[in-house]
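Observations on the three-dimensional arrangement
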Amino acid sequence: MKTLAYDPGDGVEFWEAIRKLPGYPANEHMPIRVMLFESNALFRTTEVLQSVGAEQNAPLVVVMDETPMLRAGKDLKELILATLEKDGWQVQVAWMRTDESGQVHTDMPHIREVQSNLSHSCSVLAVGSGVVTDIAKHGCFLYGQETGENVPFVVIQTANSVSAFTSNMSPTFVDGVKRTLDSRYPDALICDLETLRDAPAEMTAGGVGDMLAIFVSFPDWYLAHRLGMDSTYSELAKNLVGPLAKILLDHAEGIRSGDMESVAVLAKIIALGGLAMSLSHATTPMSGFEHVMSHVLDLQAEIDHAPLTVHGAQVALATLAGTHMYQQFLSDFDPRAVKLEDCYPSMDLMQRRIEENFGQIDPSGKAAAECWADYRQKLEKWHAHRAEFEAMLKDWDSIRSQLLQETSSPDVILRILEITGAPLRWSQLKPPIAEEQARFAFLNASLMRKRLTLGDLLIFMGWDRETLWQEIWPRYA
Ligand SMILES: [Zn+2]
């Protein structure tokens, strides 16, 4: 049997198969025309660019950062630029510079920088991992919005690091808070297996971590759907991604050792993860409590001008916390013990709580204001959908068994992380995360965003999250 039920490397066949799945958006026909997952795919870049309409008599804007990257012992970026020039492209490099944290972040200054490099009839090639891809993508998107010109946009993915490459959204820092902006698809994705194999091990482990998020985000999405808090729910994402724990367990060793087949499998499931979001028109399938927790940690780092940890590695640790949360909730929750009238805190109370809590990390009040603007929509909706919560309490047994199927035991996640060589403790992240920050993120994650997760439900029900955190932390300190 094939490893993947739907293989994004199968071209037209892949798209024909997935458009039959329930939840597939009727009007989206092959939004990404080419996806290559091959040895030496890099040397097909010219062919791919031309196949999506790039013209050689206009500039080819190559977006990259200054991180040195090696492929089979050679400088990857030099190799790409030399190949493009040999093939006759008018290469114009848009270098993304680091900020005071020493990193490049997806923010409006970088996005505008890309946009300012674009001109009539040009095409764009992003060479990088998630951040560079998101910046380039959104620069193209804004240029398209302003000029009506949809520039050919191709991505060379340089690491199996995050599920961003096939996404039509861009997670962007707005006033320090990470927000997901609507953006556009790339026209083509090039996964050169030698490049992915030779990427830093911590980035590859991050890609595994970013995918493991589904064991929190899928049950969160289902929960929000049942509570009347999310109308976008479908089973498309679940079908696309398939039996992830099994696939990753089968390939974890190969991913760690750089076996080409396993490198390709990881690249493909990462592509499927991105498509699961894009085709559902929401990041919700791949981003639940664990991602919000990670966003709070990023927010703290942004405020301190400190470097961010590898996204997926941080998400993996937050996923462990999230699956523990599910485990405890699914074993201990008793719907008969819920005091309904206590589950609906007032707007004033929650606004004060957000101002106080986020004021601790950002005394300027900007972060709190940004969080409240989003959170208040969720709180209003929660009040308006009380009937669905009451129905959930009555139908708890069936909802519980569905949630049990969607989540996973933290031990399985730990095992996958262990074999792939990913960090298993907050102290192993680079830079490490101290308990104070992790605890703040765990307790306040839900106050940041309008999306409902199990974290919200626990807050509304007055669950003892402090004690829960004290049980989780020592395992992964
Ligand atoms: Zn992610």
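Refer to the preceding data block for the structure.
Residues numbered from 1 in each chain as written. Predicted model: local features only at pLDDT ≥ 70, side-chain atom pairs only at ≥ 80, totals over all residues. Heavy atoms only, no water.

1. With respect to the sheet that holds strand β1 (residues 34–38)
Spatially, the 6 strands line up as an open sheet ordered β1-β10-β7-β6-β2-β5, and their pairing is parallel. The two strands at the open ends of the sheet, each matched to only one other strand, are β1 and β5 (90–96). Mean inter-strand twist for the sheet, computed between neighbouring axes without regard to direction, equals 15°. Relative to β5, strand β2 (residues 59–65) is paired through 7 bridges, and the arrangement is parallel. From the neighbouring strand, Leu60 faces β5, where its bridge partner is Val91. Where helix α4 (residues 108–117) meets the sheet, it contacts β2 and β5, and its direction lies at approximately 165° from that of β5. (Pairing = 2+ DSSP bridges. Helix = DSSP H or I, 4+ residues; strand = E, 2+ residues; numbered from the N terminus. Axes fitted to C-alpha atoms, helices over the stretch in contact; angles between N-to-C directions. Contact = heavy atoms within 4.5 Å.)

2. Concerning the coordination of the zinc ion
At the metal site, the zinc ion is ligated by Asp210 (OD), His291 (NE2) and His311 (NE2), and these contacts range over 2.1 Å. Read in sequence order, the donor residues for the zinc ion give the motif D-x80-H-x19-H. Separated by 81 residues along the polypeptide, Asp210 in helix α7 (residues 201–212) and His291 in helix α12 (residues 289–303) bring together distant segments of the chain. Residue classification places Asp210 among the buried residues on the basis of a relative accessible area of 3%. (Donors = N, O, S within 2.8 Å, 3.2 Å for Na, K, Ca; no water. Buried < 20%, exposed > 50% of the residue type's maximum accessible area, 1.4 Å probe, protein only.)

3. Notes on the pairing of strand β6 (residues 123–128)
Look at any regular strand and the pattern is simple: side chains alternate between the two faces of the sheet. The buried fraction of β6 is high, at 6 of 6 residues. Here β6 shows no split at all, with Ser123, Leu125 and Val127 on one side and Val124, Ala126 and Gly128 on the other all buried. Here β2 pairs with β6 via 4 bridges, running parallel. Bridge pairing in β6 places Val63 opposite Ala126. Strand direction decides the pairing type here: β6 and strand β7 (residues 153–157), joined by 5 bridges, are parallel.

4. So, the side chain of Asp107
Among the secondary structure elements, Asp107 is positioned in the loop between β5 and α4. This buried residue, Asp107, is left without a salt bridge; Arg112 holds the nearest opposite charge, at 10 Å. Contacts of Asp107, omitting those with residues within four sequence positions, involve Thr172 and Phe173. (Lys, Arg positive; Asp, Glu negative; His and termini not counted. Salt bridge = Lys/Arg side-chain N within 4 Å of Asp/Glu carboxyl O.)

5. What about the packing of aromatic side chains?
Centre-to-centre distance and the angle between the planes together describe a pair of aromatic rings. A full pass over the atoms with the stated rule returns 15 aromatic pairs. Seen in terms of ring centroids, Trp221 and Tyr233 are 5.0 Å apart; in terms of plane orientation they differ by 65°. Their pairing is edge-to-face. Note that Trp221 is positioned in helix α8 (residues 214–226) and Tyr233 in the loop between α8 and α9 (236–241), a separation of 12 residues in sequence. Residue classification places Trp221 among the buried residues on the basis of a relative accessible area of 2%. Judged by relative accessible area, which is 17%, Tyr233 ranks as buried. Geometrically, the ring pair formed by Phe329 and Trp463 is edge-to-face, given 5.7 Å between the ring centres and 65° between the ring planes. In this pair, Phe329 is assigned in helix α13 (residues 311–332) and Trp463 in the loop between α20 (454–460) and α21 (465–472), connecting sequence segments 134 residues apart. Through a chain of ring-to-ring contacts, the aromatic side chains of Phe289, Phe442, Trp469 and Trp473 assemble into a single cluster. (Phe/Tyr/Trp six-rings, centres within 6.5 Å; stacked < 30°, edge-to-face > 60°.)

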